[in-house]
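Chains, contacts and geometry: an overview
Single-letter residue listing:
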Amino acid sequence: MNGILALVLAASAEEGDAGLDFELFRPHGDTYGYAVVPGASTLQNLQLGAGLWFDYSDDPVVLVDAAGNRVSPNGTDADGLVNSRAALHAQVGLGFSRYGSVSVDVPLVLSQDGFVAPTLADPSPGTLAPTGVGDIVLTPKAVVLDRDAFPLGIALAVPISVPSGDPAAFLGEGAVSAAPQAILEWSDEKIHTRAYKFRAAAMGGVLLREPARLQDARFGNAFTYGVAAGYRVISP
């Protein structure tokens, strides 16, 4: 279960709002990562990896007025623009030598409740599609320095988001986006053999996407970063 940070927007009666993929929980595609932070190691030659993640968010997108007071989209209760969402991430990856892999993440919204942004000025705002497929993410990854052979692991990854989700239902960006990342990782022992006790990674990159507007909030390119650490309690 994952509590996603609320996105605070300013209330406006303007039309023409664009779709926005507001998800902050974006698990990395291969099985050598740390949930939302990738590792510098990856699947080995013809090694297949698979994963399944579930997350839930309550009021991930809300509206506030100029004074900072929360605004109800339908004027009758305290619901958010997106009131709740339960989603599943189905992932599969394949290694090509020990220095490269490709993984696919298919986000499936199992249930959601909220309102269609462009209809907020109507007497009865439209409601969001309750289920759907989000933007599918294809992630090629290349290992520059293998941690099993060098003191520090270095890798490059480029998650590419394909516009397969409905932007009007907050299921996707409505356009292709890419998020190139550089990854550093250290461990006290080899990673592929699971001999390590402690490992840690840091990631930095940039999200490249089409400009979007939701009410008075505007969105564009953004820096991405993350750090993570893991400790193995039970030896293999």
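Please refer to the structure higher up on the page.
Cut-off values and rules
Residues numbered from 1 in each chain as written. Predicted model: local features only at pLDDT ≥ 70, side-chain atom pairs only at ≥ 80, totals over all residues. Heavy atoms only, no water. Helix = DSSP H or I, 4+ residues; strand = E, 2+ residues; numbered from the N terminus. Buried < 20%, exposed > 50% of the residue type's maximum accessible area, 1.4 Å probe, protein only. Areas by Shrake-Rupley, 256 points an atom, 1.4 Å probe, with all protein chains shown as cover. Patch = residues over 30% accessible without salt bridge, like charges linked within 9 Å, V, L, I, M, F, W, Y side chains within 5 Å. Salt bridge = Lys/Arg side-chain N within 4 Å of Asp/Glu carboxyl O. Phe/Tyr/Trp six-rings, centres within 6.5 Å; stacked < 30°, edge-to-face > 60°. Lys NZ or Arg CZ within 6 Å of the ring centre and 35° of its normal.

Topic: the overall build of the protein chain
- Of the regular secondary structure elements, the protein chain holds 0 helices and 15 strands.
- The buried share among the 236 residues of the protein chain stands at 45%.
- Roughly 11200 Å² of accessible area belongs to the protein chain as shown, and the carbon and sulfur atoms make up 64% of that amount.

Regarding a nonpolar patch on the surface
- A contiguous nonpolar surface patch, about 750 Å² in accessible area, is contributed by L152, L184, W186, F198, Y231, V233 and I234.
- Checked against the element boundaries, L152 lands in the loop between β7 (136-145) and β8 (153-157).

Quick notes on the pattern of salt bridges
- In the structure shown here, the tally under the stated rule is 7 salt bridges.
- Residue E173 is joined to R209 by a salt bridge in which the shortest nitrogen-to-oxygen separation is 3.4 Å. Remark: R209 occurs in the loop between β12 (198-207) and β13 (212-214) and E173 occurs in the loop between β9 (160-162) and β10 (177-178); sequence separation between them is 36 residues.
- Residue E173 is classed as buried on the basis of its relative accessible area of 16%.
- Here R209 falls in the buried class, since its relative accessible area comes to 17%.
- For R199, the salt bridge goes to E185, with nearest N and O atoms at 2.7 Å.

Some thoughts on the packing of aromatic side chains
- The final tally for this structure, using the stated rule, is 3 aromatic pairs.
- A centroid spacing of 6.1 Å and a plane angle of 65° characterise the contact between F22 and F170, whose relative ring orientation is edge-to-face. Taken together, the positions of F22 in the loop between β1 (7-10) and β2 (48-64) and F170 in the loop between β9 and β10 put the pair 148 residues apart, joining distant regions of the chain.
- Accessibility expressed as a relative area gives 7% for F22, which makes it buried.
- A relative accessible area of 2% places F170 in the buried class.
- Each ring, one from F25 and one from W53, has its centre 6.0 Å from the other, and the planes form 65°; the classification is edge-to-face. One end of the pair, F25, is in the loop between β1 and β2; the other, W53, is in strand β2, and 28 residues separate them in sequence.
- Residue classification places F25 among the buried residues on the basis of a relative accessible area of 10%.
- Relative accessible area serves as the criterion here: at 31%, W53 is assigned to the partly exposed category.
- Cation over ring: R232 sits above Y196, and NZ or CZ is 4.9 Å from the ring centre.

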